[in-house]
Amino acid sequence: MNKITPQPGIMEIDLYQGGASHVDGAVNVIKLSSNENPLGPSPKAIEAVRNSAAQIHRYPSTDHASLRGAIGDTLGLDPERIICGAGSDEIIAFLCQAYAGPGAEVLHTEHGFAMYRISALAAGATPVEVPERDRVTDVDALLAACTERTRLVFIANPNNPTGTMIGAAEVARLAEGLPPQALLVLDGAYADYVEGFDGGAALVEARDNVVMTRTFSKLYGLGGLRVGWGYGPQEIIDVLNRIRGPFNLSGTALLAAEAAIRDTDYAEQCRAHNARWRGWLAEALAELGVPSDTSCANFVLARFASRVEAEACDDYLRTQGLIVRRVAGYNLPNALRITVGDEIACRRVVAAVSAFKAGAA
Ligand SMILES: *Cc1c(COP(=O)(O)O)cnc(C)c1O
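The following paragraphs examine the structure supplied in this document. (Residues numbered from 1 in each chain as written. Predicted model: local features only at pLDDT ≥ 70, side-chain atom pairs only at ≥ 80, totals over all residues. Heavy atoms only, no water.)

### Concerning the sheet that holds strand β2 (residues 82-85)
Here is step 1: The 7 strands lie next to each other as β2-β8-β7-β6-β5-β3-β4, forming an open sheet whose pairing is mixed. Edge positions in the sheet fall to β2 and β4 (126-130), since each has one partner strand and no second. With strand direction ignored, the average angle separating the axes of adjacent strands in the sheet is 20°.
Here is step 2: Pairing analysis gives 5 bridges linking strand β5 (residues 150-156) to strand β6 (residues 183-187), with the strands arranged parallel. From the neighbouring strand, Val153 faces β6, where its bridge partner is Leu184.
Here is step 3: With respect to the sheet, helix α3 (residues 88-99) is in contact with β2, β5, β6, β7 (210-215) and β8 (228-231), its orientation differing from that of β5 by roughly 165°. (Pairing = 2+ DSSP bridges. Helix = DSSP H or I, 4+ residues; strand = E, 2+ residues; numbered from the N terminus. Axes fitted to C-alpha atoms, helices over the stretch in contact; angles between N-to-C directions. Contact = heavy atoms within 4.5 Å.)

### Brief notes about helix α4 (residues 114-122)
Here is step 1: Residues Met115, Tyr116, Ile118, Ser119, Ala120 and Leu121 constitute the buried set of α4.
Here is step 2: Looking at the buried side of α4, the elements it contacts are α3, β3 (105-109), β4, β5 and β6.
Here is step 3: Looking one or two residues past α4, Gly124 carries a phi angle of roughly 85°, positive in sign. (Buried < 20%, exposed > 50% of the residue type's maximum accessible area, 1.4 Å probe, protein only.)

### Here we look at the site of the ligand
Here is step 1: Around the ligand sit Gly87, Ser88, Asp89, Phe113, Asn160, Asp187, Ala189, Tyr190, Thr215, Ser217, Lys218 and Arg226, and that is every residue in its neighbourhood.
Here is step 2: The separation between an oxygen atom of the ligand and a polar main-chain atom of Asp89 is 3.0 Å.
Here is step 3: Between the ligand and Lys218, the relevant distance is 3.3 Å, taken from an oxygen atom to a side-chain nitrogen or oxygen of the residue.
Here is step 4: Isolated, the ligand exposes 390 Å² of accessible area, and the fraction of that covered by the protein chains is 93%. (Near = heavy atom within 4 Å. Polar contact = N/O pair within 3.5 Å; in protein donor to acceptor, adjacent residues only side chain to side chain. Areas by Shrake-Rupley, 256 points an atom, 1.4 Å probe, with all protein chains shown as cover.)

Fair warning: the whole summary comes from geometry, so function is off the table for now.
Structure, rendered in structure tokens:
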């Protein structure tokens, strides 16, 4: 009999549930369950992937200087304070590994992203769920939940799966009020969808206790390549680089991400498309008696009268080849999260919900 056991906390992790991608027997299936860009990646990113193919026997860059430079140029940030990861998930994991551990508390909001809890537990730390106010991050509740054990505070702004966000003054008040040993992490996975929003970069620069994470998986349409990044005070980025694997991003991923972020025209088209169809979708659903909070992201959190109705609607949508996301695991059993698709997808969703409401199920 061996005595091989995992580290404390690991067995408390429930496996991450990804968005489903197929329906048995259905044709013309549209996946609206993972907040992917319905227009796909920039043609320039696709070209970069093709051009990289003959070089895949080479190890990639270890310092990601070229991609960090492109991010810095495009967004006006200091490349020295950027760290790239295999998705922003990896940056979240580095933060937990470096700053939390047994005895440490990691705060996240009631309807916050699943990876905060998973990464906290993986590091041996204790995740602490903090209430929101009507599906909006509650700064007072977060400040009240802080103790001398709090090491990390995660908020996504805009948040997934609620789509809501809080203003810069509220975020600054949170950073200002944290205890001295706590680091605020602003997850900006959806910041690219908010016109003129820096994701919290200015606050990172103004303070020494704030880090921002960003991703190429949403607006830039590169979820399959796994590229994210973090921006923070130099000391913190230096700490994270110590635990980063030297070849954590492939050469193909680095080149694609660089091409994607430099293609600002394409990014703008995607942002405008999302804003237009998000508004259309939310309004059409509201007219069918399915309300949602004003979304700042690339999805709508559609609220139903009950868990039973939400699940019945999800089942019906599936029969119509439409895959959306149940969010009971995010303490939102009455809701379905629907990614803003292309025009055809949005029209199909509304037609299907309309048929459902008319008794088709
Ligand atoms: C999608 C998402 C991410 C991005 O994850 P990647 O690892 O970069 O693909 C991060 N945070 C939130 C809240 C998300 O919804």
